[in-house]
Structures are given as structure tokens and as C-alpha cells.
Amino acid sequence: MLRLLTIIVTVLLLTGCSNNAEPVSSIDVQYQSPIDSTIILAGNFGEPRPWHFHGGIDIKTQNCEGWNVRSIADGYVSRLTVNMYGFGNAIYVNHPDGNTSVYCHLNRFADEYERQLQRTGSKDTLSLVFAADKFPVKGGDLIAYSGNTGHSTGPHLHLEIHNTVTWAMRDPLEFVGHLVADTVAPQAHSFMAVPVVGEGLFNGGASKQTFGFGQPDTKRQRTTWSIKRGFTAWGRVGFALWADDYSEATYHHYGIRNTSLLVDGREVFRADVDSIPVSCQPEVNLWGDFDHWRHTRVWYMKSYREPGMRLPILHTNVHQGYVIFNEERPYHITYKLRDFNGNVSRYDFVVQGVRDSRVSQSEHHPYRLLDVNRHWLQCLWPYYSYHW
């Protein structure tokens, strides 16, 4: 009876706190390119960086300043900022579907907006907010010129899209991705095995270990790769992955949009980096192995949920993504990576369960679907700052 009640309460909470917690806009807005040239990315949405995720896409401008920057859709110019948030010169456009596009690191604004400012020097910090009827724009209207202002290491256009009400960051490729060519699948470099202290072992050891996939550096639309060597494990073990996405148009590498971990064909973990609450920015250091990054400048993103992680982009089974090796048999582990354009890569390896008396088998209740300290916050999060 208790098990049934737990399941019913969990379902009700998950339903009540779903993405339908706020009204969905039915307004159809047509999005287009912010530049007059082909969109080539220097960075994508959600890339892990110390203390924050990359909040938008970086569009290459051939190392030049002064490119025309156009509104990506109908709306109105709602704000201008100068030297705030590291954006340099930035212009904000509110759209009728409930989203706001932000164009950053600009050289200057179009003349009608530039005239609104009273600049006194290069170190000005300014912010102007406009009413909806002050500066209406159509998709394709010139609003600014690209530059290299603010925290920028070279000329480019940084484009962000936020939910206007909650300010949750959204992947701009959801709006302009149809304009970006990409036929190259993500590529995994290596995985990390992370035994839970006192509860797990991997290859006979209790410390975290890394293993390369050994895949040649190829750019293909679909790829499958298997590790031939064997592994052993017992108890509770987490996995993490070092991987990058690529494009045929440039040498840059990007973050992974969608990661899935499967055990014997069943998904135990999935990350879909489509929308991130701004208040969750620091949790990148918890999702990624920050200590490893500090020493190596390489991000291993965990395929399990640590205590306190509220990121709504992470989805796990009842074991929080940890793999429970409690049978003496082969476990077939699969990583599937997919980018926004649907290019897919798959990585397989086999771990043999080998009983080890050093591991104490704690009981993992299969019906504990709701953890008050974690899932409760995660379920409520969409109401405040998730996409819809």
C-alpha cells in the first residue's frame, strides 16, 4: 500500500509541476538569420565553462567588426545596455511569442537607438528600457553592427534567447537552427568510471579512472564505436563522459546537446541541453567534474545526479543514473550522443559484474521515486524558469 501511495503522489506532483504550469503562447513567430551571411558557429548553447554555461551561440564574423545585425523576428526593442554582464554593447528585442533575443559584443547600435544614449566614454555603464510602442521592429530590420566589446576575445556576434518572463536561457538553435549547416556527429573521447565510496569498485579499484575510446578523429554524420577491452565492476558506479560536437564548416568544437547512457538497452540517464534557468548557472561545476577540469582543462560531464543538483535538463532513473552492478554477468553499456541537427554517434563497451567482498551492498529501494530534497525542487523548477 505504501509503495502504491508513493507512486500516486509522485505522478501527481510530476503532472502538477510539468511544463504546462504556465500558459503556452500560440503566436506563430517566424525566425530568421541575424546576419547577412551564412551562420557559422564558434560556440554553441550550454557549453560547460567554470561557474556557468554558455548562454547562447557565438556566430563568426570572419574576424571583422561592423557586420549588419538584424532582428531575428518581429517584436520591439525593449532595452539597450552598455558594459553590463560582460556583453559590451547589447540590444534586446522582445517577441510576441514570449521570448527575448539579445545581441551582444556589438560595435554600436543602429542610429535611431544610438541617439538614445548619452555616452561619456568607453567605460560607461548604461541601461535603457523602452515601452513596447517605442521601437517596433520587423524580422530583418537593421538594429546594430557587430563588434568586439565587453568580455570578448575576438570579433563575433553572441546571440542569446530568453523566456521574457522567467529569463530562462533557451537554445537559439531552436529558432535559427534551420539556417545552420551541420552533418557531423558528436565525438566522445573517453569515459570516466566513478565508484561510490564504500559502495562500488571498478576494475578492482575504488578511485575514479578514465578510459579512452580510441576512435580516429573523423567527421561523419553517424558513427558507432566499440571498446574491445574488458572491464569489471561491483556495486554502485557512476559514469562521466568527455565529448565534443563538431561541424564541417570550422575547426571549433562545441558542447553536446543530447547525451544518453543505457545499460542493457535501457536508458538510465539523459541530458538534453535545451533550456537552463539562470539561477542554475553555478551547477555546471557539479554536473561536470570541476576538480578534474581545474587540473586538466577537460570537462567530464557526469551521467548521474549528485545530491543537490536541480538542473531540469538532467533526467535519470530511480538510481539517479548510477549503475548497480549486483549480478555476476556482462553489463552492456552504451552512450548515445546527438546534436541539434540529429547527427548521432554511439559508443559501446561491456563491463563484467564480478563479486567483491570489499563492497557493502546497500539496499536501493526501487519505488523511491520522489526524493524530497532533490526531485521536489526539480519538479517545481519548470514553473519558475523552464521552457514551454
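First things first, this report covers the structure right here in the doc. (Residues numbered from 1 in each chain as written. Predicted model: local features only at pLDDT ≥ 70, side-chain atom pairs only at ≥ 80, totals over all residues. Heavy atoms only, no water.)

Turning to the overall build of the chain, a few remarks are in order. If you tally the helices and strands in the chain, you get 6 helices and 25 strands. In the chain, which comprises 388 residues, the share counted as buried stands at 53%. Across the chain, every contact between residues at least 6 apart in sequence was considered, and the portion connecting residues at least 24 apart equals 71%. In the structure as shown, the chain presents an accessible area of about 18,000 Å², 52% of it carried by carbon and sulfur atoms. (Helix = DSSP H or I, 4+ residues; strand = E, 2+ residues; numbered from the N terminus. Buried < 20%, exposed > 50% of the residue type's maximum accessible area, 1.4 Å probe, protein only. Contact = heavy atoms within 4.5 Å. Areas by Shrake-Rupley, 256 points an atom, 1.4 Å probe, with all protein chains shown as cover.)

Below, the discussion takes up the nonpolar core. Counting 44 residues, the largest nonpolar core has Phe 191, Phe 202, Phe 239, Ile 276, Trp 287 and Phe 349 as its most contacted members. When residues in this core are grouped by element, the largest group, 6 residues, is from strand E17 (residues 231-244). Not counting chain neighbours up to four residues away, the residues in contact with Trp 287 comprise Phe 53, Phe 269, Ala 271, Val 273, Tyr 300, Met 301, Lys 302, Met 309, Leu 311, Ile 313 and Leu 314. In terms of nonpolar packing, the next biggest core, distinct from the first, is built from 35 residues, Val 69, Ile 91, Leu 117 and Tyr 254 among them. (Core = buried A, V, L, I, M, F, W, Y, C linked by side-chain atoms within 4.5 Å.)

A few words now on the pairing of E17. In terms of burial, E17 is a largely internal element, 12 of the 14 residues being buried. In the sheet, strand E14 (residues 187-202) pairs with E17 via 11 bridges, with the strands oriented antiparallel. Following the sheet pairing, Val 194 is matched in E17 by Gly 238. One ladder, built from 3 bridges, connects E17 with strand E25 (residues 344-353); its direction is parallel. Each bridged residue has a counterpart across the sheet, and for Phe 231 the counterpart in E25 is Val 351. Where E17 and strand E21 (residues 301-302) come together, 2 bridges link them in antiparallel fashion. Paired with Ala 240 across the two strands is Lys 302, which belongs to E21. (Pairing = 2+ DSSP bridges.)

Turning next to the side chain of Thr 100. With respect to the helices and strands, Thr 100 occurs in strand E8 (residues 99-109). What makes Thr 100 buried here is its relative accessible area of 1%. At 3.0 Å, the side chain of Thr 100 forms a polar contact with the side chain of Asn 94. Side-chain polar atoms of Thr 100 contact the side chain of Thr 164, separated by 2.8 Å. When sequence neighbours within four positions are dropped, the list of residues in contact with Thr 100 reads Tyr 92, Val 93, Asn 94, His 95, Glu 160, Ile 161, His 162, Thr 164 and Trp 167. (Polar contact = N/O pair within 3.5 Å; in protein donor to acceptor, adjacent residues only side chain to side chain.)

What follows is about the side chain of Ser 152. Residue position: Ser 152 is located in the loop between strand E11 (142-146) and strand E12 (156-163). A polar contact is formed between the side chain of Ser 152 and the side chain of Asn 148, at a distance of 2.6 Å. At 2.8 Å, the side chain of Ser 152 and the backbone oxygen of Gly 154 are in polar contact.

On to the environment of Ala 188, then. Note that Ala 188 resides in strand E14. Taking the C-alpha atoms as reference, Ala 188 lies 7.2 Å from Phe 213; in sequence the two are 25 residues apart. Apart from the residues lying within four places of it in its own chain, the contact partners of Ala 188 are Phe 213, Gln 215, Leu 241, Trp 242, Ala 243, Leu 337 and Tyr 347.

So, about the pattern of salt bridges. Within this structure, the stated rule accounts for 18 salt bridges. A salt bridge links Arg 49 to Glu 47, with the shortest nitrogen-to-oxygen separation between them at 2.9 Å. Residue class for Glu 47 comes out buried when judged on its relative accessible area of 9%. Linked by salt bridges that have partners in common, Asp 171, Glu 174, Arg 257 and Asp 272 make up one network. (Salt bridge = Lys/Arg side-chain N within 4 Å of Asp/Glu carboxyl O.)

Its location among the elements puts Ile 57 in strand E4 (residues 57-60). Along the primary structure Ile 57 and Ala 42 are separated by 15 residues, whereas in three dimensions their C-alpha atoms are 7.6 Å apart. Residues within four places of Ile 57 in sequence aside, it is in contact with Leu 41, Gly 43, Asn 44, Phe 45, Leu 157, His 158, Leu 159, Pro 172, Leu 173 and Val 176.

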